[in-house]
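Tertiary structure, described
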Amino acid sequence: MNTIRQLHSLGQSLWYDNIQRRLLDNGELAMLIQQGEIRGITSNPSIFQQAIARSTDYDPALVSMAWAGWDAEMIFWHLAIEDITRACDLFLPLFESSRAADGFVSLEVHPALAHDPAATLAQAKHLWETVDRPNLMIKIPATQASLPAVRSAIAAGINVNVTLIFSIKRYREVMEAFLAGLEDILASGQARPHFPASVASFFISRMDTRVDAHLPEDSPLRGRAAIANARLAYDVFRQTFSGPRWEELAAAGARLQRPLWASTSTKNPAYPDTLYVDSLVAPDTVNTVPPQTLAAYRDHGKAALAFSGDTNEARSTCMELELRGISFARLTEELEKEGLQAFAEAFSGMLEAIDTRRRAAFANLGTLADPVKERFARMEAEDVPARLWAGDPGLWTTDPAQQEEIRKRLGWLHLPETSRARLATLESLAAVIRSAGIRKFLLLGMGGSSLAPEVLSLVFAGSPAGRPQGVDFAILDSTDPDQVAQAARDFPPRESLYIVSSKSGGTAEVNAMLEYFWQLSGEDGSRFVAITDPGTSLDALANRRGFRATLLADPTVGGRFSVLADFGLFPMALMGLDLSRALSSAAAMLHACRPGESAVNNPGMALGVVLGEAALAGRDKLTLLADPPLSAFGSWLEQLIAESSGKQGTGIVVIDDEPLAPAEAYSPDRLFVYLRADGALAAHVTALRSTGQPVLEYTIPDVYTLVAEFYRWEIATATACHILGVNAFDQPNVQDNKNRTVEKMKVYLQSGRLDEPLPTWEGEGFRMFSNQPLPGNSLAEILSAFLAMAQTGDPQTAAGRSYIAINAYLPRNPKMHAALRGVRQQILLRSGCATTLGFGPRFLHSTGQLHKGGPTSGMFLQITADPIQDLDIPGQAATFGVLERAQALGDYEALAARGRLILRLHLSSPQEIGLLADALK
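Figured I'd write up the structure that's included with this text. (Residues numbered from 1 in each chain as written. Predicted model: local features only at pLDDT ≥ 70, side-chain atom pairs only at ≥ 80, totals over all residues. Heavy atoms only, no water.)

Here's the deal with the packing of aromatic side chains
The line we're drawing: We call Phe, Tyr and Trp rings a pair once their centres come within 6.5 Å, taking the six-membered ring for Trp, and we label the pair stacked below 30 degrees between planes, edge-to-face above 60, and tilted otherwise. Burial classes: relative accessible area under 20% of the type maximum marks a residue as buried, over 50% as exposed, and values in between as partly exposed (1.4 Å probe, protein chains only). Secondary structure counts use DSSP, requiring at least four H or I residues in a row for a helix and at least two E residues in a row for a strand, with both numbered from the N terminus. Remark: a charge is flagged as sitting over a ring if the NZ atom of Lys or the CZ atom of Arg is within 6 Å of the ring centre and within 35 degrees of the ring normal.
What the rule picks out here adds up to 33 aromatic pairs. Between phenylalanine 95 and phenylalanine 104, the aromatic rings sit 5.3 Å apart at their centres with planes inclined by 80 degrees, giving edge-to-face as the arrangement. The class of phenylalanine 95 is buried, set by a relative accessible area of 12%. The class of phenylalanine 104 is buried, set by a relative accessible area of 1%. On the basis of an interplanar angle of 45 degrees and a centroid distance of 5.4 Å, the ring pair of phenylalanine 166 and phenylalanine 203 is categorised as tilted. Here the residue phenylalanine 166 occupies a position in the loop between β5 (160-165) and α9 (168-187), and phenylalanine 203 occupies one in strand β6 (residues 198-203), the gap between them amounting to 37 residues. Take phenylalanine 203: its relative accessible area is 6%, and that puts it in the buried class. Linked through ring pairs, Tyr171, Phe178, Phe202, Tyr234, Phe237, Phe241, Trp246, Trp261 and Phe307 together constitute an aromatic cluster. Looking at lysine 440, its charged tip hangs above the ring of phenylalanine 491, at a distance of 5.4 Å from the centre.

What follows is the structure in structure tokens.
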């Protein structure tokens, strides 16, 4: 039996004199409870000052409260109550198994109320009702004025920790208040009276610090006063809780008010660091220890009863001190006043620190601050948080048909919990595949069903957790023949598994890719797994062809919200991620966004409020800044937000992976979000803030935290769409492009050629097309004329300012991506406009919706090219190159039909992309 267990067996409980959010978030507190090291927690203003003012642990929660206009004290109480409630829940099993002997968590009333019994009692009742946990203890200071509040709180059934006791006289008064409160309960005539629990916190080390200051360095009395005082207090405790008065209460069910030894860390380094634990072991007591004392006692503490019942030595010590002119009455009175003052100063310092951060967070929103504050109030007034969890489609539309469809698309809200039932199946299948020696995985998908796995693959590969050795995972979401050919070379059938991922089961691009790799594999079904909804054409096809497995996803979850469904989880399993840990991370975010939580304290909804209000105010260019380990996340976020919000002439334009520019180069149509991992972009963020640009910051230390961010942004997107008044769960304009592509393919199959207009300009290596006249006789002049048509928007807010979308129907590879990033930088510096980059056809299933249905401020530079080598689509009288060109032409026509300014640059080869860069120099 270890020392701590021996201590508990002797009748003393160790409680932890420490609470901070980090302990709750990282599982350390839960581990200490599980290992039996601590049996309760105490807190006070000094502890919260250390936790809140001297760390950034609370900043994520603090910021949203600041946005809502809360003052520092409101913020503190909310943060403290959150921590205390979470701790109570962790201790509840111990509370129940110990039959309410242990498992308590203490929360102190405001130290400024120490001399106002009515206000103390009122706050005690408020905190008790707010936390609403049977194992909460309210800490009330043992001032003369507060004793009536102690009695009344006990009589009201509130568990009380009476704190800041220094003298035997005051301790007697505390016990009297406790007993009187219990007798008030008996006198109330309850048939089955409920007696609350209580402890009396007797402070230890401060006594020695004060007494020692009056003694010579070599005095044998040094370090003896506190323990002597405590032993006398314990003797008074035993006397008080014996005899007829107590026996009557005990017979009715009352429990002892145990002495709690507080302030038990040694302040004098000359004393043993476990002095105030080893010397105070006694039955029916509690010792509350800070972290360093717990660690020391665990390592070398002594578990043996320290009180023999003989108090002569303790009385002799106190008498000798009195003879030396050290008055215990005066000293304990001073210690009480100093203790109250120290707690008051700690509380005040903590509020000052919170207020500094609060003001900075509010100011950081700039002109958005007041609209965001007002929106939070409206969200509460309209009961938006509860309506979201109730599945109220009226949050997004009043159209009955759309409302009916929305009701079928909200399963994503519960995926962190409901997907747990799928883990055994997914992990088992992944293990079987790996045991077959397969280490290469190519996902064939499009849009929401493929982007999340790609993000996780790229982030996980670069994380400390790493990917299992030899595992290679990639996605193919293109009909570009050069890209398809490269994927075939990188993922040959004899080494690879192909995951065919399509929610609808009928996506044209996915079907084309499937047929190509089906033929390449020699029609080997063991090399294929399908992920789709039940009853789709892909479901039937996979069964006919004998795929290794078909995973049927939750049909109530839309594709872009499916990262925590089979579409995302099975690829995670193949990559080697811990699915249980991933879902636990997401579940923690779900809990933070849980039903019953206000919009202010819902991290997803709070983010959505800022996104929505920013878009309404003209800051509709949501610019993502991500440290290199997280740079891939933006591609998923772009499709989620663009496809959800870009409708009815409004929407949020996500600017992802844009090359950095000087802070002053950005116009006021931006809202920046910084995804921080290693701080690589911290200096750029500081510069942006110095120019008045609003920047939201989220720290994401690892891939498992990133899983929680997927869920946060889903909630945020749904919230922003509510504010914008659009249906977050449909994509009405995506079908237009599909229909135009189908028509062009029909013409091709009939005539053997695509119906393509004559070029407006031609040059060596390129042809150009535009739906509006653009003056110029060279590529450089035409591009200059195109950029000159950009709108600057409102002079003050830049609302309506143009953004320039580069839609590249080219192979997506590192070299092409780098070339087009250079093009984006030149466009930004020359025009001042935000730019986006989408590779076709994958962007058609994400930002394509925004391009057609969103703000009219978009300008479009479409780039196409003749493929280096075309590939036939098996079973179809067409090639991948033809299909890609048909999609580009359909996209061009759909944009032109809506009056968007579009310029198409067609290159004789993808390798001619340098012509564009040169023309912009």
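A short note on the nonpolar core
Let me state the cut-off plainly: Think of a nonpolar core as a cluster: buried Ala, Val, Leu, Ile, Met, Phe, Trp, Tyr and Cys residues, connected wherever their side-chain atoms sit within 4.5 Å. We call two residues contacting when some pair of their heavy atoms lies within 4.5 Å.
Residues Phe570 and Trp713 are the most contacted members of the largest nonpolar core, which totals 232 residues. Excluding its chain neighbours within four sequence positions, the residues that come into contact with phenylalanine 570 are Leu426, Leu429, Ala430, Ile433, Ile499, Val529, Ile531 and Leu551. One finds Leu444, Val484, Phe517 and Leu889 within the second-largest nonpolar core, a separate group that totals 35 residues.

Structural notes on the sheet that holds strand β17 (residues 695-699)
As a reminder of what qualifies: For two strands to count as paired, DSSP must find a minimum of two bridges between them. Every axis corresponds to a line fitted to the C-alpha atoms, with the helix fit spanning only the stretch in contact, and the corresponding angles, defined between N-to-C directions, vary from 0 to 180 degrees.
Spatial strand order, β15-β14-β16-β17: 4 strands in an open sheet with parallel pairing. Pairing within the sheet leaves two strands with one partner each, and these edge strands are β15 (653-655) and β17. Pairwise comparison of adjacent strand axes, ignoring direction, gives a mean angle of 20 degrees for this sheet. Sheet topology note: the strand β14 (residues 621-626)/strand β16 (residues 670-676) ladder contains 6 bridges and is parallel. For leucine 625, the partnering residue across the bridge sits in β16 and is tyrosine 674.

Description of the pattern of salt bridges
Note the following rule: We define a salt bridge as a side-chain nitrogen of Lys or Arg found within 4 Å of a carboxyl oxygen belonging to Asp or Glu.
As enumerated under the stated definition, the model contains 59 salt bridges in all. Between aspartate 235 and arginine 238 there is a salt bridge; the shortest N-O distance is 3.8 Å. Of the two residues, aspartate 235 and arginine 238 are both situated in helix α11 (residues 225-240); the distance of 3 residues between them amounts to about one turn of the helix. Note on arginine 238: relative accessible area 37%, which makes it partly exposed. The salt bridge partner of aspartate 891 is lysine 852, with a shortest N-O separation of 2.6 Å. With aspartate 891 in helix α36 (residues 880-897) and lysine 852 in helix α35 (residues 847-853), this pair connects stretches of sequence that are 39 residues apart. According to the relative accessible area criterion, lysine 852 is buried, its value standing at 5%. Each member of the salt-bridge network shares a partner with another, and the members are Asp736, Arg740, Lys744, Glu893 and Arg898.

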